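Chain and residue survey
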Amino acid sequence: MAAELTEFRVSNDASDDAAELRRRIAEDGYLFFRKLQDPDQLRQLRLEMLAVIRDGGWLQAGTDLADGTADLSQRCAEGDIAYADVYHEVYKLESFHRAGHWPEVLEKMEQITGGPVLPHPQKIARLWFPQYTEHTTPAHQDFVHFQGSYDTYTCWTPVGDCPIELGGLAVVPGSHKQNAVLEHHFSLGAGSLAVDTEQQAGPWATTNYEIGDSLIFHSLLLHQALPNVTADRLRVSLDNRYQARGLPVAEHMLQPHLNIFHALTWDEVYAGWQSADLQYYWQDVDMPIIPRDMSYAEKGFAEALVLAEQGDEHAHLALRRAIERDPDSEQAQAAAAVLAAL
Ligand SMILES: O=C(O)CCC(=O)C(=O)O
Ligand SMILES: [Fe+2]
């Protein structure tokens, strides 16, 4: 992380001016709005998510639910089976999926794209433990993960206040203008792929997020999370993705998140829902569905094998996770061979 952090440009002044919003996102690659989303609705969602997380055993007993006070002995991250066990319970909440369809966000996306948008079915929550900073989301472009179309936008929303020390998102303004997918490498952090930031000038922009604040950005914008260096607070946030209706979407974005680590079907997600309007809503939308390009993930894993042979501890951990997730997979067998030879 570059030492120097600058503040986001706030775009509330141009809220009703679609042309100006489009000009700004073309220039900066992002739009940041204070209180775009209703704080009360987000506080309610926070309590629902944290109640599930508490029942999963991740919170310190006897603490106030709203504080999200983590039990550090339970630390885990994406890629761990223990993470998916609790995460997938959160994933079943109807309210969590509905948050990706709130009108205030859809309106902004429609202003940006100039027409009706498709919210991706694959919503994501991030439940990031404190004092676990080697797992922090590294610098990356989202396109390597969701693919489909460059003109896909993420809305990143902290579900609670997110001051710098809790590890919110930071971006390099204007970095999307390279208009290309940069070289990504193995990383232990969330997503497992990182751009080498030495080659990126920065500066990085971020803010002390308050509940309701929302960051919208382009799929080629370079961004990363800041480390969660609080003593004991869990960071809870949403990443929702949107694209103009009719653009191609990659098939894995039509699946629940992390279902490769721990199978989860939409029918399981929907089992306890009250209403049907958001179940399989994308099936009526006419759009090209394209296969997932595995080359980014495969390259990262191949790098992890080489790094592990050279004694890299992050790579060792990544390989152990791959074995734990699915011991019979080809990757797990390659990982086991490398670890055994050490
Ligand atoms: O919240 C995080 O740590 C990562 C979020 C992210 O990279 C995204 O929303 O695309
Ligand atoms: Fe991202």
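Residues numbered from 1 in each chain as written. Chains lettered and ligands numbered in written order. Predicted model: local features only at pLDDT ≥ 70, side-chain atom pairs only at ≥ 80, totals over all residues. Heavy atoms only, no water.

1. Section: the overall build of the chain
Looking only at helices and strands, the chain features ten helices and 14 strands. When each of the 342 residues of the chain is scored for burial, the buried share is 54%. Working note: accessible area of the chain is about 14400 Å², and carbon and sulfur atoms make up 49% of it. (Helix = DSSP H or I, 4+ residues; strand = E, 2+ residues; numbered from the N terminus. Buried < 20%, exposed > 50% of the residue type's maximum accessible area, 1.4 Å probe, protein only. Areas by Shrake-Rupley, 256 points an atom, 1.4 Å probe, with all protein chains shown as cover.)

2. What about the environment of R245?
With respect to the helices and strands, the residue R245 is situated in the loop between β12 (235-244) and β13 (249-250). The sequence separation of R245 and P116 amounts to 129 residues, and the corresponding C-alpha distance is 6.0 Å. The residues contacting R245, other than those within four sequence positions of it, are P116, V117, L118 and V285. Of the polar contacts made by the side chain of R245, one reaches the backbone oxygen of V117; its length is 3.4 Å. (Contact = heavy atoms within 4.5 Å. Polar contact = N/O pair within 3.5 Å; in protein donor to acceptor, adjacent residues only side chain to side chain.)

3. A look at the coordination of the iron ion (ligand 2)
For the iron ion (ligand 2), every protein donor is listed as H140 (NE2), D142 (OD) and H223 (NE2), and the spread of their distances is 2.0 to 2.1 Å. In the primary structure, the donors to the iron ion (ligand 2) are separated according to the pattern H-x1-D-x80-H. One end of the pair, H140, is in the loop between β4 (124-128) and α6 (143-146); the other, H223, is in strand β11 (residues 223-225), and 83 residues separate them in sequence. (Donors = N, O, S within 2.8 Å, 3.2 Å for Na, K, Ca; no water.)

4. Re helix α9 (residues 313-325)
Between its first and last C-alpha, α9 extends 18 Å over 13 residues, near the 18 Å set by a 1.5 Å rise per residue. Close packing links the buried residues of α9 with β7 (185-186), α8 (295-309) and α10 (330-340). For α9, the N-terminal capping position is held by D312, with its side-chain oxygen 3.0 Å away from the main-chain nitrogen of H314. (Expected span 1.5 Å × (residues − 1).)

5. Digging into helix α5 (residues 103-113)
Inspection of α5 places E104, V105, L106, K108, M109, Q111 and I112 among the buried residues, and these make up the whole buried set. Taken from the residues just after α5, G114 is the one with a positive phi, measuring 80°.

6. Focus: the domain arrangement of the chain
The domains assigned to the chain are domain 1 (5-291) and domain 2 (294-342). Across the boundary between the two partners, domain 1 contributes 18 residues, which contact 14 residues of domain 2. Between domain 1 and domain 2, roughly 1400 Å² of surface is buried when both sides are summed, and carbon and sulfur atoms account for 60% of that area. If you look at where domain 1 meets domain 2, you find two salt bridges. Note that E183 and K299 form a salt bridge whose closest N and O atoms lie 3.0 Å from each other. Between the two partners, domain 1 and domain 2, sit seven residue pairs in polar contact (both at pLDDT 80 or more). Secondary-structure elements contributing two or more residues to the side of domain 1 that touches domain 2 are α6 and β7. Considering only residue class, the side of domain 1 that touches domain 2 consists of nine nonpolar, five polar and four charged. (Domains from an automatic or database assignment. Buried area = accessible area lost by both parts, 1.4 Å probe. Salt bridge = Lys/Arg side-chain N within 4 Å of Asp/Glu carboxyl O. Nonpolar A, V, L, I, M, F, W, Y, C, P; charged D, E, K, R; others polar.)

7. Some thoughts on the packing of α8 against α10
Contact geometry of α8 with α10 gives a least axis separation of 10 Å together with a crossing angle of 10°. If you check the angle between α8 and α10, you find them roughly parallel. Residues F301, L305, A308 and E309 of α8 touch α10, and the partners they reach there are Q331, A334, A335 and V338. Classifying every residue of the contact of α8 with α10 gives six nonpolar, one polar and one charged. (Axes fitted to C-alpha atoms, helices over the stretch in contact; angles between N-to-C directions. Parallel < 35°, antiparallel > 145°, perpendicular 65-115°, else oblique.)

8. Brief notes about the site of ligand 1
What surrounds ligand 1 is a group of 15 residues, the closest being T137, D142, W156, R235 and D239. In the model, an oxygen atom of ligand 1 is placed 3.1 Å from a nitrogen or oxygen of the H140 side chain. At a separation of 3.1 Å, an oxygen atom of ligand 1 approaches a polar side-chain atom of H223. Looking at the shell around ligand 1, the elements with two or more residues in it are β4, β5 (152-158), β11 and β12. (Near = heavy atom within 4 Å.)

9. Topic: the packing of helix α2 (residues 39-55) against helix α3 (residues 81-91)
Two numbers describe a pair of packed helices, the interaxial angle and the distance between the axes. It is at 9 Å that the axes of α2 and α3 come closest, and there the two elements cross at 145°. Classified by chirality, the crossing of α3 by α2 is right-handed. Along the contact surface, α2 presents M49, V52 and I53, while α3 presents V86, E89 and V90. (Left-handed = near helix turned anticlockwise from the far one by under 90°.)

10. Let's talk about the pattern of salt bridges
All chains considered together, the criterion is met by 21 salt bridges. Measuring nitrogen to oxygen at the nearest pair gives 2.8 Å for the salt bridge that ties R24 to D13. Of this pair, R24 sits in helix α1 (residues 18-28) while D13 sits in the loop between β1 (5-7) and α1; the two residues are eleven residues apart in sequence, bridging distant segments of the chain. The class for R24 is buried, based on a relative accessible area of 7%.

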